[in-house]
Structure formats: C-alpha cells, structure tokens
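The primary structure of each chain is shown beneath.
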Amino acid sequence: MPQQALEKKFNYLPSLDGIRGIAVIFVMMLHGSYNFFKGGWIGVDLFFVLSGYLITSLLQIEYENTGNISLVNFYKRRALRLFPPLIICVLLANLLWQVSAPYFYDTGNQKLASAGALFYFINILPKEITGNLGHLWSLCVEEHFYLVWPVAAIFLFRLQHRQRIIFTIAIIAAITIFRITAVNLNISFFNGAILIDP
C-alpha cells in the first residue's frame, strides 16, 4: 500500500504534540531534580499511551486499506526510526562512561549494558549493571510492545465487534488479576530483576 494513501487517511492531531510536551516536562523535572520531583512516571506513561494510540491507528488504517498488515514493512519502519538515534546514544554513553561512572553504580558493566540497549533487554538487567544507559529501559518496553502488538492487532482486527469486546474484557480482567497477585506477593518488576520480598 503506497505510503501516500496511508498519510491521507491518518489525521494529524496537533494537540498530541502538546501532550508530548507535557510528558517531556515531567520526565525532565524528575531527572533535573535528582528524584526530588516524583512525577516522572506520568510522563513515561503518557509516552506509552501516545505511542500505543499512534501505532494502533497506523495499523488499523493499513488493515482497512489492504485487508492485512505487513509485519516486514512495520518492523522496517520501526528500525529506521529507532536505530539511528539509539546507536548515537549508545556511542555517546560509552564515550562518557568513565566520566559519568561516579553518578551511577561502580559495578556497572559497560559491554553488557551496551548489548542490553542495542538488543532491547536492558529493562531486565539489574540497575547496578546498566550504568548511564539505564534510562533506555522505557525504550525497551516500547520495543517489546512493537514486537507483540502488530501480531495481536491482526488477530483483533479479524474478530467481530462483539468478539473484540469480550476479548478486551478478558485481557483487562487477566491483567488486573495479575497485578493484584503481584502486589499481594510483593513482586516488583521495576528496572531489571524480578524481586519477591518475603
């Protein structure tokens, strides 16, 4: 499907740029205040919601126009968008690793952290290892979404309206049960290792 046809149907909403700006402010306030401001998670959540909305919209437009979703083209577009700035970020982080080391853990593993950033698994590494690349955990979470969601979207778009509602309710219920269980067992999944407090 020509890109031009997709662009004609996708409605650009300037207000979303405003929400993006608010999200950036929240994240910058968190890092700029050295964790004095605790609302950085709001910005991250806003980014996740916006990304999910935009990606789903593009997938839906493609499915409505062609009756299918090209996974190859989707992952190609994601790679072209994400890899160039990611590579620059990892290179700069490696150049500044020794300079920034005092601000992080002395046990940081430069090679493992770099591999985790480039191959999108830094979010499952303990924060003591990630050094100055630890902030890329959110990008890894987003990449995991990209890996799963297009396949799930194809499945969902093929369902009837009633089936989609039932499936969505079932997923929400499953996630809710999982989160309640995790809280009751004191399981933490944040920034690396899965922790279970006794």
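Now for a description of the structure that goes with this document. The structure displayed is predicted, hence computed values, not measured ones.

Section: the nonpolar core
Counting 23 residues, the largest nonpolar core has Leu59, Ile69, Ile122, Leu133 and Leu136 as the members making the most contacts within it. Counting residues per element, the ones that place at least two in this core are α3 (40-66), α4 (71-95), α6 (110-118) and α8 (137-157). The element contributing the most residues to this core is α8, with 6 residues. Those residues within four positions of Leu133 in sequence are excluded, and the remaining contacts are Val90, Ala93, Trp97, Ala113, Ser114, Ala117 and Ile122.

Some details on the packing of α4 against α6
Relative orientation of the contacting elements α4 and α6 amounts to 170°, with a least axis distance of 10 Å. Between α4 and α6, the angle is such that the two are roughly antiparallel. Residue-level contacts link Phe83, Leu86, Ile87, Val90 and Asn94 of α4 to Gln110, Ser114, Ala117 and Leu118 of α6. A breakdown of the residues in the contact of α4 with α6 according to their chemical character gives 6 nonpolar, 3 polar and no charged.

Concerning α6
Buried residues of α6: Ala113, Ser114, Gly116 and Ala117, and no others. Projected down its long axis, α6 carries its buried residues within an arc of 160°, all on one side. By the N-cap criterion, in which a side-chain oxygen at the helix start approaches the backbone nitrogen of a residue two or three places on, α6 is capped by Asn109, the distance to Lys111 being 3.3 Å. One or two residues past the end of α6 sits Tyr120, with phi positive at roughly 60°.

Things to note about α3
Along its 27 residues, α3 runs 39 Å from first to last C-alpha, staying within 8% of the 39 Å computed at 1.5 Å per residue. Once α3 ends, the next one or two residues include Gly67, with phi positive near 80°.

Quick look at the packing of α4 against α8
Running from N to C, α4 and α8 point in directions that differ by 170°, and their axes come no closer than 11 Å. What the angle tells us is that α4 and α8 run roughly antiparallel. Two secondary-structure elements touch here, α4 through Leu71, Phe74, Tyr75, Arg78, Leu82 and Leu86 and α8 through Leu139, Glu143, Tyr146, Leu147, Pro150, Val151 and Ile154. Of the residues assigned to the contact of α4 with α8, the class counts are 11 nonpolar, no polar and 2 charged.

Notes on the packing of aromatic side chains
A ring pair, where both rings are aromatic, is described by two values, the distance of the centres and the angle of the planes. Counted under the stated rule, the structure contains 9 aromatic pairs. Their ring planes at 80° and their centres at 6.4 Å tell us that Phe48 and Trp137 sit as a pair that is edge-to-face. One end of the pair, Phe48, is in helix α3; the other, Trp137, is in helix α8, with 89 residues separating them in the sequence. Given a relative accessible area of 26%, Phe48 falls into the partly exposed group. Overall, Trp137 belongs to the partly exposed group, its relative accessible area being 23%. With a centroid separation of 5.9 Å and an interplanar angle of 15°, the aromatic rings of Phe145 and Trp149 are classed as stacked. Of this pair, Phe145 and Trp149 both sit in helix α8, 4 residues apart, which is roughly one turn of the helix. In this structure Phe145 comes out as partly exposed when scored by relative accessible area, which is 27%. Residue classification places Trp149 among the partly exposed positions, given a relative accessible area of 23%.

Analysis parameters
Residues numbered from 1 in each chain as written. Predicted model: local features only at pLDDT ≥ 70, side-chain atom pairs only at ≥ 80, totals over all residues. Heavy atoms only, no water. Core = buried A, V, L, I, M, F, W, Y, C linked by side-chain atoms within 4.5 Å. Buried < 20%, exposed > 50% of the residue type's maximum accessible area, 1.4 Å probe, protein only. Helix = DSSP H or I, 4+ residues; strand = E, 2+ residues; numbered from the N terminus. Contact = heavy atoms within 4.5 Å. Axes fitted to C-alpha atoms, helices over the stretch in contact; angles between N-to-C directions. Parallel < 35°, antiparallel > 145°, perpendicular 65-115°, else oblique. Nonpolar A, V, L, I, M, F, W, Y, C, P; charged D, E, K, R; others polar. Arc of directions from axis to C-beta. Polar contact = N/O pair within 3.5 Å; in protein donor to acceptor, adjacent residues only side chain to side chain. Expected span 1.5 Å × (residues − 1). Phe/Tyr/Trp six-rings, centres within 6.5 Å; stacked < 30°, edge-to-face > 60°.

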